[in-house]
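Next come the chains, spelled out residue by residue.
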There are 2 protein chains.
Amino acid sequence: MTDPFVVVGADAAGLSAASKFRREAPDHDVVVFEKGRWISFAYCGMPYFIEGRIDRLSNLLSLSPSEVEGRGIDLRRGHEVVGVDAEEKRVSVRTAEGETFERAYSDLLVATGGRAVTGPFDVRGIDGAFTLHDMDAAAAIDAYVAEPDAYDPGRADVSAVDRDRVDRNAAMPAPETAAIVGGGYVGVEMAEALSGRGLDVHLFQRSERLLPPFGEAVGERVETELEGRGVTVHTGSPVGRLVGDDRIEAVAFDGERLAVDLAVVGVGIEPNAELLSGTGVELGEGGAVRTDEYGRTNLPDVYAAGDCATAIHAVTGEEAWMPLGLTANRSGRAIGATVAGDPTPVGEIAGTAVVKAFDQECGRVGLLEEGAAVEAGFDPVSETITAGSRSGYYPGAAETDVTLVADRDTKRLIGGSIVGPDRAAVRVNTLATALEADLTVPELERLDLAYAPPFSPVWDPMLVAAKVLNGSLEE
Amino acid sequence: MTDPFVVVGADAAGLSAASKFRREAPDHDVVVFEKGRWISFAYCGMPYFIEGRIDRLSNLLSLSPSEVEGRGIDLRRGHEVVGVDAEEKRVSVRTAEGETFERAYSDLLVATGGRAVTGPFDVRGIDGAFTLHDMDAAAAIDAYVAEPDAYDPGRADVSAVDRDRVDRNAAMPAPETAAIVGGGYVGVEMAEALSGRGLDVHLFQRSERLLPPFGEAVGERVETELEGRGVTVHTGSPVGRLVGDDRIEAVAFDGERLAVDLAVVGVGIEPNAELLSGTGVELGEGGAVRTDEYGRTNLPDVYAAGDCATAIHAVTGEEAWMPLGLTANRSGRAIGATVAGDPTPVGEIAGTAVVKAFDQECGRVGLLEEGAAVEAGFDPVSETITAGSRSGYYPGAAETDVTLVADRDTKRLIGGSIVGPDRAAVRVNTLATALEADLTVPELERLDLAYAPPFSPVWDPMLVAAKVLNGSLEE
């Protein structure tokens, strides 16, 4: 009997791999060990649940345990893999009941994900202080924000939920003022979510700009948008600490204190790479498990995918760590095929990301920051333009800012961003495609992009930006 | 003294060329001869003016004569170029007053545009019967549709307008039932426009499908959309003739008659290539003037651009004739640079087109039709999928149909379409970029496209389609 394909972690990467493997190799076994109770949930949907746009926590589940098992996958929740013997090809597993056993594998996929960084902020033990990186936290924040007599317990409608935690948070008086620590994705999305719930929201960002990976034009537009919607944005204002013993009372910053009764810390995530420590595994960017174009680690028959693994960047050809949903799904699926006998590259990442900030749609791709471009060996030239999203005479045309970055010598496009309220986000896919195809800016300028008054001016904002950047490249 | 750069036609291609030329070669003269009174108007905006979304005809003008002259361009309206002597490098010009003179040129650009084909339907002399290919027609239809006492003459607020024609149409009783002959862009857009004005609209299409260049999935969705909005769609119903002596009374089709009091014929356009007949110029696809990668005809120093000229198709590498707005602007601009001394390719076309049909956004690119793909030497394999436009749990997620076509041997993407109500149209730019970069379907499947719940599911509909088509290609 062949040993099974063993997968550690039952979220996007792990279950994509297991599902693909079973489809391609129906005669082989696959076991997925998941230390917690939750599987296959939409991390990116949690702010929208808290905002109230989504009625039920269960809406965020994409696969139920029985659906997973229906695919022929041996799913073991409450089973934590605590050790890997890469030479003997075995994992040690500890159950929620405290029992331990070993399991041999033919191939191993480590898909342990990431966890919220809390920096100096210990949110544990302080009521009203949260990070947002799991479904229990989402359910708890949602319950905490509601008035005790107005909370609908049916919102946390998944049996896996930590009901005690939900009930305890629901019983507390509803907060009125929220501090969000960190102006990245989670911070911006939570600012919108909590404003939508009627709170007075303060967003604190250590650096001078919101959404740093999206560059200056996006950061500025988003700050204006948030302020226009009543969010108080504190940039260049690192929060020193959370104040409060049992319940959050204030945040301390710049020698000041702001009294708050809710704090959400969203200062980043880090990879869960500890499982492989001591095995001789190589780690790479961000402390994530180093993987090659097939998702292989340096250990034989051991793969890694998702938020715990590195990837290859399409522009630099170098290793990068950018934990995002598509990367996890795609690399998991590719590894499932590879392990089943059909070698499939996991694909490169272009650093594509989009985020919504109230009515502003933001996108970014590639290398935007000058320092990063220089470090990768480029001589970056950048231009930012503002153009209409539709023909000027057509109602709804809206100002759209596009930034393009190219390498001076080769004229190759190396990065870009876009922000605007009218269909801006999905337009970044044009740039992602151009980046992965190594297009130059002159080639970009000659693309035959779509034109119709309701959707685009004759010269799409991407083409306008390419035209202006070309001018600078020719100087 | 050097002879001037002479441009024939003052619309998108001609004025783009003249403007670019003057910027690049400020010491050289450029003369633009335009036979009519109108310059630089947004052809694509006319249906939206008629619909009433746009208040004033002047909103559709992009450059005024004085702005053009302010750019240092010698603009002569009411000057028809009636002959070209390519050996002597001279044009013959006839003024509106009937005078004729000759003018030498250093370089000549023919940008004479296209004209509406009317087929067997002679709309001239029948009140209430129109084609829609110029601003006077747009103003006349708009006036005709209004109740005489409700018409606002301020809508036709451009001095160039044929005021007598507008007044005459405004004075006629408002129509109640409209027949639109032809189910292409103009037909679909006019169906929406006239419905928006409260008319009972019948749309007649000779073939079995609306918007044939967009393929089956789009055509079906648009037909359903139009019917759902109260438009009666008659597919497979060629209209035999327009009935009526002075005023339109009915359309005859399938041995039937439908009484109507408005008919709009939109059965296509053809290139205005006659000016060069007798010069030895080569014509190409569709009877348009054959041009090379720099927009040059086979005559020395004679260029052609816009709706009267051919272009090179990015997928086939062959000549094509697809009269669209961006092509005209882009090729005009490139020719202006080339004539000024900076040789600039006009760019290939990917056949990118988008159109709105009420709430459905439609896009297409490349080769969609099996016959066209086979003729170009491909072995086409096609798949159509339906996927959500956003994460399933996020409000507003809408069914989006994507069709992809690839060549079996090379797996190269050769065409695609998309239709859906949620940001579908601009997504076609991803495919246009992929086509021009010669991406294969496996490469398309691995693109790092944007994911965020409000804008896209983890697997963008393009990626879902690529995945399915890849499966078929591997069979």
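Here is what the cut-offs are and how they apply
Residues numbered from 1 in each chain as written. Chains lettered and ligands numbered in written order. Predicted model: local features only at pLDDT ≥ 70, side-chain atom pairs only at ≥ 80, totals over all residues. Heavy atoms only, no water. Contact = heavy atoms within 4.5 Å. Buried area = accessible area lost by both parts, 1.4 Å probe. Salt bridge = Lys/Arg side-chain N within 4 Å of Asp/Glu carboxyl O. Polar contact = N/O pair within 3.5 Å; in protein donor to acceptor, adjacent residues only side chain to side chain. Helix = DSSP H or I, 4+ residues; strand = E, 2+ residues; numbered from the N terminus. Domains from an automatic or database assignment. Expected span 1.5 Å × (residues − 1). Buried < 20%, exposed > 50% of the residue type's maximum accessible area, 1.4 Å probe, protein only. Pairing = 2+ DSSP bridges. Axes fitted to C-alpha atoms, helices over the stretch in contact; angles between N-to-C directions. Core = buried A, V, L, I, M, F, W, Y, C linked by side-chain atoms within 4.5 Å. Least-squares fit on C-alpha atoms with pLDDT ≥ 70 in both. UniProt positions renumbered as here; feature names shortened; annotations may be inferred.

A few points about the interface of chain B and chain A
Much of the literature gives interface size as the accessible area that the parts lose upon coming together.
Link 1 in the chain: Each partner contributes residues to the interface: chain B has 57 residues there, and chain A has 57 residues.
Link 2 in the chain: Roughly 5,100 Å² of surface becomes buried between chain B and chain A when both sides are summed, with 67% attributable to carbon and sulfur atoms.
Link 3 in the chain: Of all residues in chain B, the largest losses of buried area upon contact with chain A belong to Leu326, Tyr393 and Asp448 of chain B, amounting jointly to 15% of the total for that side.
Link 4 in the chain: Scanning the region where chain B abuts chain A turns up four salt bridges.
Link 5 in the chain: The residue Arg333 of chain B makes a salt bridge to Glu445 of chain A at a minimum N-O spacing of 3.0 Å.
Link 6 in the chain: In this assembly, chain B and chain A are joined by 22 residue pairs in polar contact (both at pLDDT 80 or more).
Link 7 in the chain: Elements that contribute at least two residues to the side of chain B that touches chain A include exactly helix 8 (325–339), strand 21 (353–357), helix 10 (424–436) and helix 12 (461–474) of chain B.

Brief notes about unusual backbone geometry
Link 1 in the chain: With a phi close to 45 degrees, Leu211 of chain A is a non-glycine residue in the positive phi region.
Link 2 in the chain: Among the structural elements, Leu211 of chain A can be located in the loop between strand 11 (200–205) and helix 7 (215–228).
Link 3 in the chain: Positive phi, normally seen in glycine, also occurs at Phe358 of chain B, with a value near 50 degrees.
Link 4 in the chain: Inspection of the secondary structure assignment puts Phe358 of chain B in the loop between strand 21 and strand 22 (360–366).

Re the domain arrangement of chain A
Residue and element names in this part refer to chain A.
Link 1 in the chain: One can read the domain layout of chain A as domain 1 (129–267) and domain 2 (359–474).
Link 2 in the chain: One C-alpha centre belongs to domain 1, the other to domain 2; they are set 32 Å apart.
Link 3 in the chain: Counting from both sides, the interface comprises nine residues of domain 1 and, opposite them, 16 residues of domain 2.
Link 4 in the chain: Between domain 1 and domain 2, the buried area comes to about 950 Å², and carbon and sulfur atoms account for 55% of it.
Link 5 in the chain: Summed over the shared surface of domain 1 and domain 2, the result is two salt bridges.
Link 6 in the chain: Of the charged contacts in the structure, one is a salt bridge between Arg221 and Asp401, with a shortest N-O distance of 3.2 Å.
Link 7 in the chain: At the junction of domain 1 with domain 2, the criterion picks out seven residue pairs in polar contact (both at pLDDT 80 or more).

Brief notes about helix 12 (residues 461–474) of chain A
Link 1 in the chain: Counted at 1.5 Å a residue, the expected span for helix 12 of chain A with its 14 residues is 20 Å, and the 20 Å between its end C-alpha atoms agrees.
Link 2 in the chain: Inspection of helix 12 of chain A places Pro461, Met462, Leu463, Ala465, Ala466, Leu469, Asn470, Ser472 and Leu473 of chain A among the buried residues, and these make up the whole buried set.
Link 3 in the chain: In the core, the buried residues of helix 12 of chain A are packed alongside strand 23 (380–388), strand 24 (399–407), strand 25 (413–420), helix 10 (424–436) and helix 11 (441–445) of chain A together with helix 8 of chain B.

Overview of the sheet that holds strand 10 (residues 177–181) of chain B
Residues and elements named next belong to chain B.
Link 1 in the chain: The strand order 9-16-10-11-12 describes an open sheet built from five strands, whose pairing is parallel. At either end of the open sheet lies a strand with only one pairing partner, and these are strand 9 (129–131) and strand 12 (232–235). Sheet twist, expressed as the average angle between the axes of neighbouring strands with direction ignored, equals 20 degrees.
Link 2 in the chain: Each of strand 9 and strand 16 (262–265) is contacted by helix 4 (residues 135–145), which is oriented at about 145 degrees to strand 9, the strand it contacts most.

Description of the sheet that holds strand 13 (residues 239–243) of chain A
Pairing between the strands of a sheet is mediated by backbone hydrogen bonds and can be parallel or antiparallel.
All names here are of chain A.
Link 1 in the chain: Pairing in this open sheet of three strands is antiparallel, and the strands run 13-14-15 from one edge to the other. Looking at the sheet topology across the chains shown, the edges are occupied by strand 13 and strand 15 (256–259). Shown here is a sheet whose adjacent strand axes are inclined to one another by a mean of 20 degrees, direction ignored.
Link 2 in the chain: In this sheet, strand 14 (residues 250–253) lies alongside strand 13 in antiparallel orientation, the contact comprising four bridges. Across the sheet, residue Leu242 finds its bridge partner in strand 14, namely Val251.

Here we look at the pattern of salt bridges
Pairing is possible between side chains that carry opposite charge, provided their charged atoms lie close to one another.
All names here are of chain A.
Link 1 in the chain: All told, the structure shown has 58 salt bridges over all chains when counted by the stated rule.
Link 2 in the chain: Note that Asp142 and Arg155 form a salt bridge whose closest N and O atoms lie 2.9 Å from each other. One end of the pair, Asp142, is in helix 4 (residues 135–145); the other, Arg155, is in the loop between helix 4 and helix 5 (163–171), with 13 residues separating them in the sequence. Judged on exposure class, the residue Asp142 and its partner Arg155 are both buried.
Link 3 in the chain: Beyond isolated ion pairs, a larger network of salt bridges with shared partners links Glu51, Arg53, Glu192 and Lys356.

Focus: the nonpolar core
Across soluble globular proteins, nonpolar side chains have a tendency to be buried as a group.
Link 1 in the chain: Leu57, Met190, Leu194 and Leu242 of chain A together with Met190, Leu194 and Leu242 of chain B are the most contacted members of the largest nonpolar core, which totals 238 residues.
Link 2 in the chain: If near-sequence neighbours (up to four positions away) are discounted, Leu57 of chain A is found in contact with Trp38, Phe49, Met135, Ala139, Arg155, Ala156, Asp157, Val158 and Val161 of chain A.

Regarding the relation of the copies chain B and chain A
Link 1 in the chain: With an RMSD of 0.0 Å, the fit of chain B onto chain A corresponds to turning through 180 degrees and sliding 0.0 Å along the axis. On this basis, the relationship between the two copies can be described by a two-fold rotation axis. In terms of proximity to the rotation axis, the leading residue of chain B is Thr430 of chain B, whose C-alpha is 2.4 Å off the axis.
Link 2 in the chain: The fraction of interface residues of chain B whose copies in chain A are also interface residues reaches 100%, indicating that both copies meet through the same surface.

Thoughts on the UniProt feature "domain: Pyridine nucleotide-disulphide oxidoreductase dimerisation" (unreviewed entry) in chain A
Link 1 in the chain: Using the residue numbers shown here, the UniProt feature "domain: Pyridine nucleotide-disulphide oxidoreductase dimerisation" (unreviewed entry) corresponds to residues 354–458 of chain A.
Link 2 in the chain: The annotated region residues 354–458 of chain A carries 23% helix and 35% strand content, and the separation between its end C-alpha atoms amounts to 25 Å.

Comments concerning the pairing of strand 7 (residues 107–110) of chain B
Residue and element names in this part refer to chain B.
Link 1 in the chain: What you see with strand 7 is no split at all: Asp107 and Leu109 on one side and Leu108 and Val110 on the other are buried throughout.
Link 2 in the chain: Inspection of the sheet shows strand 1 (residues 5–8) paired to strand 7 by four bridges, in the parallel sense. Paired with Val8 across the strands is Val110, a residue of strand 7.

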